[in-house]
Amino acid sequence: MKKIAVLFVALSCSLCDVQVNENKSSCCEIYSLTSITHLGAVEEKITNMAEKITLLEAKLQNTEKEVLELRSHTRGTPQVAFSVALRDSGSGDIGPFNTAIALQYKRVFSNTGSCYNPSTGIFTAMVKGMYFFRFSMFNNLSPVPNSVVSLMKNGQRLVSVWDTSGSDINDMGSNAVVIPLELGDNVYVELQANRIVYDDSMNYNTFSGFLLFTV
């Protein structure tokens, strides 16, 4: 009877050992599966993050391109400036005429923005803003000086330079203004009726202007 009891206990212990070993094996397998699953999830997250980073980089490149395009359209202040002289060749008097005329300054030193028209002598504002204009005048050499020119805006006189009935010759003068212009406003130098100016290759008579700032 004792032997049977001992055998039963031994068998029970063996079964317990087997069950414990099986449990340990199952736990290891479960841990391995869990680790593999977790690793797979991490790899998926990394892949998703990489895709998002690639997408963000693409968006950033597009944004930078758009910024550059906008800068190309709005880069700084519009550039408007011109400087011209009355004659491109020859010498002699211009005038007199029965009516006032816009002097046509033929020699173009610069015309950034193409707002000055040498065929008409008229500057036309293509940008609304504040402008600076300057002009000079050289009187006729003979007979008696008889020179009067005016800076005009849309047909209205702004400032003038004149030299008449003088006892000397070779006189010249200049004047300047800072004025606001609307889009399409015209500015030009007008030789008054029955008046004369003289010019030659020395370019005494000039007309210049430029945009100070937009408004």
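Residues numbered from 1 in each chain as written. Predicted model: local features only at pLDDT ≥ 70, side-chain atom pairs only at ≥ 80, totals over all residues. Heavy atoms only, no water.

**As for the packing of aromatic side chains**
One pass over the structure, following the stated rule, counts 13 aromatic pairs. Each ring, one from F123 and one from Y131, has its centre 5.7 Å from the other, and the planes form 70 degrees; the classification is edge-to-face. Across the pair, Y131 and F123 agree in class, each one buried. Relative to Y204, the ring of F138 lies with its centre 4.2 Å away and its plane at 20 degrees, an arrangement referred to as stacked. Of this pair, F138 sits in strand β7 (residues 129-138) while Y204 sits in the loop between β12 (197-199) and β13 (206-214); the two residues are 66 residues apart in sequence, bridging distant segments of the chain. We classify F138 as buried; its relative accessible area is 6%. (Phe/Tyr/Trp six-rings, centres within 6.5 Å; stacked < 30°, edge-to-face > 60°. Buried < 20%, exposed > 50% of the residue type's maximum accessible area, 1.4 Å probe, protein only. Helix = DSSP H or I, 4+ residues; strand = E, 2+ residues; numbered from the N terminus.)

**Digging into the environment of F82**
For F82, the position within the fold is in strand β1 (residues 81-85). Here the alpha-carbon distance between F82 and F207, two residues 125 residues apart in the chain, equals 8.2 Å. Among residues more than four places away in sequence, those in contact with F82 are S110, N111, Y116, F123, F133, F207, S208 and G209. (Contact = heavy atoms within 4.5 Å.)

**Quick word on the sheet that holds β1**
Spatially, β4-β1-β13-β7-β10 is the arrangement adopted by the 5 strands of the open sheet, whose pairing is antiparallel. Among the strands making up the open sheet, the edge pair consists of β4 (107-112) and β10 (172-181). Adjacent strand axes in the sheet meet at a mean angle of 10 degrees, parallel and antiparallel pairs treated alike. In the sheet, β7 pairs with β13 via 7 bridges, with the strands oriented antiparallel. Bridge pairing links F135 to F207 in β13. (Pairing = 2+ DSSP bridges. Axes fitted to C-alpha atoms, helices over the stretch in contact; angles between N-to-C directions.)

**Focus: the pattern of salt bridges**
Counting across every chain of the model gives 1 salt bridge. Linking E182 and K128 is a salt bridge whose minimum nitrogen-to-oxygen distance equals 3.8 Å. Of this pair, E182 sits in the loop between β10 and β11 (186-191) while K128 sits in the loop between β6 (122-124) and β7, and the two are 54 residues apart along the sequence. Given the relative accessible area of 39%, K128 is considered partly exposed. (Salt bridge = Lys/Arg side-chain N within 4 Å of Asp/Glu carboxyl O.)

**Some points on unusual backbone geometry**
Working note: non-glycine residues mostly have negative phi, and peptide bonds are mostly trans. Residue G95 is joined to P96 through a cis peptide bond whose omega torsion reads 0 degrees. Counting through the fold element by element, P96 comes out in the loop between β2 (92-94) and β3 (101-102). Unusually for a residue other than glycine, S114 sits at a positive phi of about 55 degrees. Structurally, the position occupied by S114 is in the loop between β4 and β5 (116-117). Judged by its relative accessible area of 56%, S114 is exposed.

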